[in-house]
Amino acid sequence: MTNFPETRASLILRIANRGDAQAWDEFVRVYQPAIYHLACRQGFQHADAEELAQEAMLAVARAVERWAPDPQRGRFRNWLFRIARNLSVNFRSRRKHQVWGTGNSGMQSLFDEQCNRKEALSQFFELEYQRAVFQCAAKHVQNEVKEKTWQAFWLSTIGDEPMAEVARRLDLSIGAVYIARNRVIARLRIEVRRIEDAAN
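Description of the structure in this document.

About the thresholds
- Residues numbered from 1 in each chain as written.
- Predicted model: local features only at pLDDT ≥ 70, side-chain atom pairs only at ≥ 80, totals over all residues.
- Heavy atoms only, no water.
- Helix = DSSP H or I, 4+ residues; strand = E, 2+ residues; numbered from the N terminus.
- Buried < 20%, exposed > 50% of the residue type's maximum accessible area, 1.4 Å probe, protein only.
- Areas by Shrake-Rupley, 256 points an atom, 1.4 Å probe, with all protein chains shown as cover.
- Axes fitted to C-alpha atoms, helices over the stretch in contact; angles between N-to-C directions.
- Parallel < 35°, antiparallel > 145°, perpendicular 65-115°, else oblique.
- Left-handed = near helix turned anticlockwise from the far one by under 90°.
- Contact = heavy atoms within 4.5 Å.
- Nonpolar A, V, L, I, M, F, W, Y, C, P; charged D, E, K, R; others polar.
- Phe/Tyr/Trp six-rings, centres within 6.5 Å; stacked < 30°, edge-to-face > 60°.
- Core = buried A, V, L, I, M, F, W, Y, C linked by side-chain atoms within 4.5 Å.
- Salt bridge = Lys/Arg side-chain N within 4 Å of Asp/Glu carboxyl O.

### Brief notes about the overall build of the protein chain
Looking only at helices and strands, one finds nine helices and zero strands in the protein chain. Among the 200 residues that make up the protein chain, the fraction classed as buried is 42%. Within the structure as shown, the protein chain displays about 11400 Å² of accessible surface, and the carbon and sulfur contribution to it stands at 50%.

In structure tokens, the structure reads:
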């Protein structure tokens, strides 16, 4: 059985309760990787990207009880993206992070150009969010199904191997591979919806 809350309001309310470790684990599992990859996309080094993602989690912890759904301001994810973007701008402006040795004098202007491309970063953040949601859903579903069922899905869908080859490798009929793949896809859709309902 899944541990993800069934409504977005429930997760947001739960993370507002600082004592709800399970809610924070769920929240961090979905959002922290997306913020980390957003920072990397903006040119941050690994350690700085990790620090920025942690700062974003702290900023959410401090402000989440004041967040309220507002159709004009957008989804919770939009609010989090603004926090991450603002933190990245602030992070760059700190004295100790102003000059980055890259070996290329044009690198700083490239970083600045990327930082100013809000729409591109927003789309990138959305993609990273979707990737994190899929990874969470996949991990959950993989634990629910038999190993052969998961392998049939993974090899034929993610690995893009021909069905006949997957059937041969797993010692299944081609029909069994189709059935296994479709079962996993159906469960993934349900799990993704559950996570999205919790996080939007």
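Still to come is the rest of the account.
### Topic: the packing of helix α2 (residues 21-41) against helix α3 (residues 46-63)
Contact pair α2 / α3: the axes reach a minimum separation of 8 Å and the direction vectors enclose 135°. When the interaxial angle is binned, α2 and α3 end up oblique. For the pair α2 and α3, the crossing hand works out as right-handed. Contact residues: α2 offers W24, F27, V28, Y31, Q32, I35, Y36, A39 and C40, while α3 offers H46, A49, E50, L52, A53, Q54, A56, M57, V60 and A61. Residues belonging to the contact of α2 with α3 are distributed by class as follows: 15 nonpolar, three polar and one charged.

### Here's the deal with the packing of aromatic side chains
Applying the stated rule across the entire model yields five aromatic pairs. Taken together, a centroid distance of 5.1 Å and an interplanar angle of 50° make the contact between W150 and F153 tilted. Taken as a pair, W150 and F153 lie in helix α7 (residues 147-158) at a separation of three residues, close to a single helical turn. Grouping aromatic residues by their ring pairs yields a cluster made of W24, F27 and Y31.

### Considerations on the nonpolar core
One finds I15, F27, Y31, I35, V60 and F76 to be the most contacted residues of the largest nonpolar core, which totals 45 residues. Of the residues forming this core, the biggest block, 10 residues, is contributed by α2. Residues contacting F27, with those up to four places away along its chain left out, are I15, Q32, M57, V60, F76 and L80.

### What about the pattern of salt bridges?
A full pass over the atoms with the stated rule returns four salt bridges. In this structure, R187 engages E144 in a salt bridge whose closest nitrogen and oxygen atoms are separated by 3.9 Å. Of this pair, R187 sits in helix α9 (residues 174-199) while E144 sits in helix α6 (residues 118-144), placing them 43 residues apart in sequence.

### Let's talk about the environment of Q32
Of note, Q32 is situated in helix α2. Separated by 20 residues in sequence, Q32 and L52 have C-alpha atoms that sit 9.5 Å apart. Excluding its chain neighbours within four sequence positions, the residues that come into contact with Q32 are F27, A53, Q54 and M57.

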